[in-house]
Amino acid sequence: MKGISGIIDKALSRPRALSADELEALLASDDEGDRRAVREAAYALKLAKCGRGVSLRGLIEMSNVCAKNCYYCGIRSGNRDVRRFKLSYEDIMRHAGIVMRSGYASLVLQGGEVESRENTEFVAKVLRGIQELSGGSIGVTLSLGEQTEEVYAEWRAAGARRYLLRIEESDPEMYRKLHPETGHSCERRKECLRALRRTGYQVGTGVMIGLPGQTFRHLASDIIFFGDMDADMIGMGPFIPHHAAPVGKGICLTPEYAGRQLELGLRMISAVRLYLHDVNIASTTALQALAPDGRERGILAGANVIMPNVTDTERRRDYLLYENKPGIDENADSSRKALEDSIHAIGEDLLYGRFGDSPHYAARTAAAAERNG
Ligand code: SAH
Ligand code: SF4
């Protein structure tokens, strides 16, 4: 097989050029010179495909009520120690106002998974409310788990433009180890991603990185899965243990462990950029949980999106997906200023006032329009 520089050249020649073996080699190399070359090639490709600048989405954690019991998650239904909350319509509109005042032209509504008529209508009302409040100037991303195609279509019609649904782990056997037998199915999650595509969303998916038992081979297959799904956006983050979750029980969040998880997360960002070229890639909060400059390093590894948390600080304590989640004591204004400074320090800018749509989505919809005459 080629050395790392040969693999990088092949990756740059066209999207989805690499084999699983080559992706695995890209992820696994511990040579510091190789690592730097991979990061620099991925960052140069980010600049070429997405430009200099970081797209922004204000993150609103709208509810921690969840029907699912994912074995890695701090707010899973089986954790009885969580104080459950659901933001009211007025509260969400107030948060949307914070997003607008911050100058972000996109927001993400994220929460636990609830499948009910009442919830569907509530979310649709919120989506219409945000359109009205902003005069259509805010692009809304939803991250509310698995739903039927009809529900996705209803929310799309009410104004949502993007949807994030991580596959979490694309290998069915690993998926089974991470989730209970009842109510969780890798196949249904994949079908949901296809339904989101059919209903016209910009579709985002992703995985947790550095899960116990996960190998470089699994991660290479996950990246190939993103390509096969023709994803527009990728949101991935390192796995971080939570004291009340069975996955990762006994793992201590030592500085060494945090360093390794961060490094793995950065390697995945670079490998995904080199494989998919023009997708939006988020530099997620989990990177920041592992190092104060984690998100900035994610940008330099090839990511182009940051999602600052705008949720009220007292609510954030109840939305702990994992230990050490950052920003618990910050308010939205102070964290925005700090982010602006740190992004300038790496030679990038925050893209205020832009939807920040995925270049991949623009390219594939233009190609489809051309095909249809
Ligand atoms: N309920 C929705 C969205 C909220 S959870 C859903 O699951 O799709 C958002 C993300 O948090 C999940 O996709 C998962 O990848 C991540 N997450 C959960 N527990 C985590 C942990 N212990 N470490 C890192 N990320 C975690
Ligand atoms: Fe619920 Fe999402 Fe956590 Fe799973 S990862 S328990 S679906 S909030």
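Residues numbered from 1 in each chain as written. Chains lettered and ligands numbered in written order. Predicted model: local features only at pLDDT ≥ 70, side-chain atom pairs only at ≥ 80, totals over all residues. Heavy atoms only, no water.

Here we take up the overall build of the protein chain. Along its length, the protein chain carries 15 helices and eleven strands. Expected size for 373 residues packed as a compact globule is a radius of gyration near 21 Å; at 19 Å, the protein chain falls within 12% of this value. With respect to the three principal axes, the spread of C-alpha positions in the protein chain is 55 × 55 × 40 Å. In the protein chain, which comprises 373 residues, the proportion classed as buried is 58%. Pairs at least 24 apart in sequence give 74% of the contacts found in the protein chain among residues at least 6 apart. (Helix = DSSP H or I, 4+ residues; strand = E, 2+ residues; numbered from the N terminus. Rg over C-alpha atoms; globule rule 2.2 N^0.38 Å. Buried < 20%, exposed > 50% of the residue type's maximum accessible area, 1.4 Å probe, protein only. Contact = heavy atoms within 4.5 Å.)

With that out of the way, let us pick up the packing of aromatic side chains. Within the structure shown, the criterion is met by five aromatic pairs. Taking 5.0 Å as the distance between ring centres and 70 degrees as the angle between the ring planes, the aromatic pair formed by Tyr 152 and Tyr 163 counts as edge-to-face. Taken together, the residues span a long stretch of sequence, with Tyr 152 in helix H6 (residues 149–157) and Tyr 163 in strand S5 (residues 160–164) at a distance of eleven residues. On the accessibility criterion, Tyr 152 (0% relative accessible area) is buried. (Phe/Tyr/Trp six-rings, centres within 6.5 Å; stacked < 30°, edge-to-face > 60°.)

Every residue lining ligand 2 is accounted for by Cys 66, Lys 68, Cys 70, Tyr 72, Cys 73, Ile 75 and Arg 76. A per-class count over the shell around ligand 2 returns five nonpolar, no polar and two charged. (Near = heavy atom within 4 Å. Nonpolar A, V, L, I, M, F, W, Y, C, P; charged D, E, K, R; others polar.)

None of this, on its own, says anything about what the molecule does.
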